[in-house]
Amino acid sequence: LEGSTSICQRRKKVIVLGLTGAGKTSLIHALTYLTGTNPNISPIHTIGVDCIVWQSLIHGRDAPLELHILDFGGHDVYYRMYPFFLSDDDVVILAVNSRDYGIGCKDSFMRHIGQWIERVQSHTPGALMLPVITHTDCCPNVEEKVRDMKQQMSKLDEDYTKLLESKIAQTDFSLHELSESDEESDRRCELSEHRKKLCILKDKRLQVHSKIYRVSNVNLHGIDHLATELLG
């Protein structure tokens, strides 16, 4: 319309994942309302998936940013849902309860972090993941746990790279062993396509942020740093 001002609104989708009790819903509440949760009140667990729309006008920009935050229940039955909502341009917040994470325990790492990295990597390798450790107000050895998480995340990435390189080498060997006969042309095409997919997985990796955000949903410690990253 004549005389009207057009504002181009930016949108971003954020998927929040993590086990039951990781503090996902409380984290979203702290981010969007800047109010802490009462530790004396039992949390309400998310059933299925909730969508929260958060609009923020960033200083120095005319266009507001609209975040569509999807909060997935942490129960096993909901694990299969999020791949249908996830795309390469999305941001994934992985919430980890600092009180439940076990230092030096691979099973604990895989349960809280590793399995989520592997799942998101397999579906949307181009996404960005922000690891967030919650309940830091009641965990005295948070920094020790953060160091352990970083070490195990690095090891997981190294192992994944070695696995892909091994599969590529095996495929190359199989291709080399094939004859040039027409009877094996279909097999050659199949192996070549498989090698192409492996190379894409090796080159296009899930972007796991190098920083692990420490937050408290009670006293809001660290919430501002996470909000700045999301709104950036």
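Quick note: structure is the one above.
An account of the accompanying structure is given in this report. As the structure is a prediction and not an experimental result, all values here were calculated from the model.

Before going further, it helps to examine the overall build of the protein chain. Along its length, the protein chain carries five helices and seven strands. Along its sequence from the N terminus, the protein chain presents helices and strands in the succession β-α-β-β-β-α-β-α-α-β-β-α. At a minimum sequence separation of 6, the contacts of the protein chain that also span at least 24 residues come to 75%.

Mapped onto the elements, Lys 204 comes out in the loop between α4 (185-203) and β6 (207-208). Overall, Lys 204 belongs to the partly exposed group, its relative accessible area being 38%. A sequence separation of 79 residues divides Lys 204 from Pro 125, and the C-alpha atoms of the two residues are 6.1 Å apart. For Lys 204, the contacting residues outside a window of four places in its chain are Asp 88, Gln 121, Pro 125 and Gly 126. A polar side-chain atom of Lys 204 sits 2.7 Å from a polar atom in the side chain of Asp 88.

What follows covers the environment of Ile 93. As for its position among the elements, Ile 93 is in strand β4 (residues 91-97). Residues Ile 93 and Leu 226, spaced 133 residues apart in sequence, show a C-alpha to C-alpha distance of 9.8 Å. Other than its neighbours up to four places away in sequence, Ile 93 contacts Val 14, Ile 15, Val 16, Leu 17, Leu 27, Leu 31, Leu 130, Val 132 and Leu 230.

For the rest of this paragraph, the subject is the nonpolar core. Counting residues in each nonpolar core, the largest one holds 27 residues, and the members touching the most others are Leu 17, Ile 113 and Val 120. Among residues more than four places away in sequence, those in contact with Val 120 are Leu 17, Tyr 82, Leu 86, Val 92, Pro 125, Met 129 and Leu 206. Counting 21 residues, the second-largest nonpolar core is a separate cluster that includes Leu 27, Ala 30, Ile 69 and Tyr 213.

One pass over the structure, following the stated rule, counts nine salt bridges. Residue Glu 66 is joined to Arg 11 by a salt bridge in which the shortest nitrogen-to-oxygen separation is 3.1 Å. Taken as a pair, Glu 66 in strand β3 (residues 65-72) and Arg 11 in strand β1 (residues 10-17) lie far apart in primary sequence, 55 residues in all. Arg 214 serves as the salt-bridge partner of Glu 143, at 2.7 Å between the closest nitrogen and oxygen.

Reading the values: rules and limits
- Residues numbered from 1 in each chain as written.
- Predicted model: local features only at pLDDT ≥ 70, side-chain atom pairs only at ≥ 80, totals over all residues.
- Heavy atoms only, no water.
- Helix = DSSP H or I, 4+ residues; strand = E, 2+ residues; numbered from the N terminus.
- Contact = heavy atoms within 4.5 Å.
- Buried < 20%, exposed > 50% of the residue type's maximum accessible area, 1.4 Å probe, protein only.
- Polar contact = N/O pair within 3.5 Å; in protein donor to acceptor, adjacent residues only side chain to side chain.
- Core = buried A, V, L, I, M, F, W, Y, C linked by side-chain atoms within 4.5 Å.
- Salt bridge = Lys/Arg side-chain N within 4 Å of Asp/Glu carboxyl O.

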